[in-house]
Structure formats: C-alpha cells, structure tokens
Amino acid sequence: MKISKFSILLFVFFIFPITFAQLRVGFYNNSCPNAETIIQNLVSDEFESDPTITAALLRMHFHDCFVGGCDGSILLNSTDSERFVGPNLSVRGFELIDQIKAELEAQCPSNVSCADIMALATRDSVALAGGPSYNIPTGRRDGLKMNANGVFDLIGPTASVAAFLRFLGDKEMNTLDALALLGAHTVGVGSCDLFQDRLINLNGTGLPDPSMDSDLVTNLTTICAASDNPSTGLDRSTPLTFDNAFFGQIRARRGVLQLDQRLATDEATSSVVAQYAADNDLFKRQFAIAMVKMGAVDVFTGEDGEIRTNCWEFNDN
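Computed from a predicted structure; not experimentally measured.

A. Representation of the overall build of the protein chain within the structure. Along the protein chain, the regular secondary structure elements total 13 helices and two strands. In terms of its C-alpha atoms, the protein chain occupies a principal-axis envelope of roughly 60 × 50 × 35 Å. Each of the 317 residues in the protein chain was classed as buried or not, and the buried ones make up 51%. Pairs at least 24 residues apart make up 75% of the contacts formed inside the protein chain by residues separated by at least 6 positions. Distance from the positive charge centre (23 side chains) to the negative charge centre (39 side chains) of the protein chain: 6 Å.

Below, the structure is given as structure tokens:
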C-alpha cells in the first residue's frame, strides 16, 4: 500500500501529539502564502548548479537539530557560535539559507523563521535528488542562544552502534528512524581523514580494516593519495541520487565510514539494514517519518524565541 504525505503525518502526530501541538502544515498560508514556493524555487536553482547541496543541507539540518534543538542556532555567525566548532567547520550551504531569507524578508518581513527555512529547504533538496516528497509542519521560531560545546556531543564516524542508537533514542528516535536518518549518507561525502585508518592502520595494527572489501580499500587508498584535501562519496554507486543503494553496499562490506559498516552486522541493526536494502520505498517512507520527527526536536513555538531578520545574527532587541 502506498503511504501518502497525509498518512505519514497522521502516524507521526498520533505518536507525538504534544510535540507537534504548535507546529502545523501550512503555517505560513496566510502570513506569507508564497513562502514554501519561494524556498522551493531557490533550492531548485541551487540544485541545478550544485546537486551536492542536498548533502550539505541535510548535514546542516541534522547538526542544528541535534545540538539544542531545531532552532537555527547553527546559522549564527560569530566567533563563539556552533558554526565554527569541530565538525561544523565543514558544514556548508549557509549562503543559500541567507539568499532565501533575504527574498522572504523582502516579500513578508519578520514572518518566516530561519529554522523553518532550513527544514523546508532540506526537504526540497531531498526530493530533487530523488528522495521522498513530504509535508513538514512549520511554525518553529529561532533560538536565542548558542551551544558551541554541544557540537562535540554529535555522533562521529567511529562511534559504536550502541552509542549511535542511544544518542538518537534520547531524541525519541527508534531504530527504524535512526537508520533511516543515517541513510542520508546515500548522498553524503566524507573526507579521507574520517576513514584513513581503516585503509592502512586500523587500531594500530598496521593493516586495513578486515571488515572493508579489499577492492574498496584499494580504490579509497588511491583517492586519498590523489590530492591535499581528498574526499569521496559515501555511496559508491549512486552518490548524487537519494535511494537505498547505500544499505546494499554496507551489507556487501563497502561502507566507507566505520559506523556505517558496523550497522550491517550488529544484531541491533542488521535486520533493519536488510529491510531497507531490499525495499527502496520502505526506506523513503521511513526517512520522511524520521525527518518530520527530527524536525520537531526541542523547537521554539508561539511566543518563545524570535523570528530573526538575518539568519546569521540575533535580532537587536
């Protein structure tokens, strides 16, 4: 049975009615009726020239929501902000968010939050890459503080499966959600420093990671020796297409990141990996559900927070 956008939202709302109490689909229908169209058009223009924007926006959205909630704090541009700490130093896509915000401010000032712009732009970029199209409840407001130290709590590429599931579980994400969200690596990119040890010296052994396919070891070793700042797609077959190929690859020992590979064999996650590898529609449906749930993590609504005039700075009030 095909699950519609409406069915997905009904399911999520039924499970999390309090979380979504003040978020709703079409929040800007009256105050800024063209908001979602403006966002969609500008994201489409960017995607046409740079299809890797999907991965960039997904990473930005994840890193925002999982550090203090989906409040747009990652967008703030100051020396002590989340934006310039640890793994966020390689987050990109800020210029597109600023461009969208400027257009929305010109048409309906002080109406659309930066947090909502990020959520909607990410959704639209996923659809453009071949992923699911789904409705997102809006009405988030922008946060009034930063949490730079919280960036270091983000799950890294060498984390254990248990730590990964616990981190997502703390945000009300179950195993299906957690693996669906990590499936965004189907369009992800990793720099060689994130997995170099798996190629030549795993845990000080002087040998490659035996859980990695030997042909992949050879291929990645060549890529990582080719330039000063090398990187590669985490999906080795369809790196610009949002599909379930990633799950088939980690089952075939072709996961680039250590955490990704562990998911295929850990007893807590291997069956879900197999399900997603076998059913592209299932993966996409669950990804949409997980994104809606993630987008409601610790949000500001109502009179809390603010609607920033510029996404990179707090309002002067």
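B. Main features of the confidence of the model for the protein chain. Summary statistics for the protein chain give a mean pLDDT of 93 and a share of 93% for residues scoring 70 or more. When the criterion is pLDDT under 50, residues 1-11 qualifies, and its contacts beyond four places in sequence or with other chains add up to 14 contacts.

C. Local environment of the nonpolar core. Ranked by internal contacts, the top residues of the largest apolar core, which has 78 residues, are Leu181 and Phe287. Among the elements that make up this core, the one with the highest residue count is helix H3 (residues 53-65) (eight residues). With sequence-adjacent residues up to four places away left out, Phe287 is seen in contact with Leu58, Val126, Pro132, Tyr134, Ala180, Leu181, Ala184 and Phe242.

D. The arrangement of H3 in detail. For H3, with 13 residues, the first-to-last C-alpha span of 18 Å sits near the 18 Å given by 1.5 Å per residue. For H3, the buried fraction is high: 12 of the 13 residues fall into the buried class. Burial in H3 covers these residues: Ile53, Thr54, Ala55, Ala56, Leu57, Leu58, Met60, His61, Phe62, His63, Asp64 and Cys65. The inward-facing, buried residues of H3 abut helix H2 (35-49), helix H4 (94-107), helix H5 (114-128), helix H7 (175-182) and helix H13 (280-294).

E. Structural context of the layout of surface pockets. In this structure, the largest pocket spans a volume of roughly 1100 Å³. Along the walls of the largest pocket sit 37 residues, with Arg59, His63, His185, Val189 and Leu194 positioned nearest its centre. Contributing elements (two or more residues each) for the lining of the largest pocket: H3, helix H6 (161-169), H7, strand E1 (189-191) and helix H11 (258-263). Among the elements that make up the lining of the largest pocket, the one with the highest residue count is H3 (six residues). Each residue belonging to the lining of the largest pocket can be placed in one class, and the counts come to 24 nonpolar, nine polar and four charged.

F. Inspection of the packing of H7 against helix H12 (residues 270-278) at higher detail. Direction vectors running N to C along H7 and H12 enclose 55°, while the axes themselves pass 10 Å from each other. Viewed along their axes, H7 and H12 adopt a mutual orientation that is oblique. When the axes of H7 and H12 are compared, the crossing they make is right-handed. Seen from H7, the contacting residues are Thr175, Leu176, Leu179 and Ala180; seen from H12, they are Val272, Val273 and Tyr276. Taken together, the residues of the contact of H7 with H12 sort by class into six nonpolar, one polar and no charged.

Calculation notes
- Residues numbered from 1 in each chain as written.
- Predicted model: local features only at pLDDT ≥ 70, side-chain atom pairs only at ≥ 80, totals over all residues.
- Heavy atoms only, no water.
- Helix = DSSP H or I, 4+ residues; strand = E, 2+ residues; numbered from the N terminus.
- Buried < 20%, exposed > 50% of the residue type's maximum accessible area, 1.4 Å probe, protein only.
- Contact = heavy atoms within 4.5 Å.
- Lys, Arg positive; Asp, Glu negative; His and termini not counted.
- Charge placed at Lys NZ, Arg CZ, Asp CG, Glu CD.
- pLDDT = per-residue confidence, 0-100.
- Core = buried A, V, L, I, M, F, W, Y, C linked by side-chain atoms within 4.5 Å.
- Expected span 1.5 Å × (residues − 1).
- 1 Å grid on protein atoms, 1.4 Å probe; cavity = no way out; pocket = protein on both sides within 12 Å on 5 of 7 lines; lining within 4 Å.
- Points joined across faces, edges and corners; volume = space filled by probe spheres on them.
- Nonpolar A, V, L, I, M, F, W, Y, C, P; charged D, E, K, R; others polar.
- Axes fitted to C-alpha atoms, helices over the stretch in contact; angles between N-to-C directions.
- Parallel < 35°, antiparallel > 145°, perpendicular 65-115°, else oblique.
- Left-handed = near helix turned anticlockwise from the far one by under 90°.

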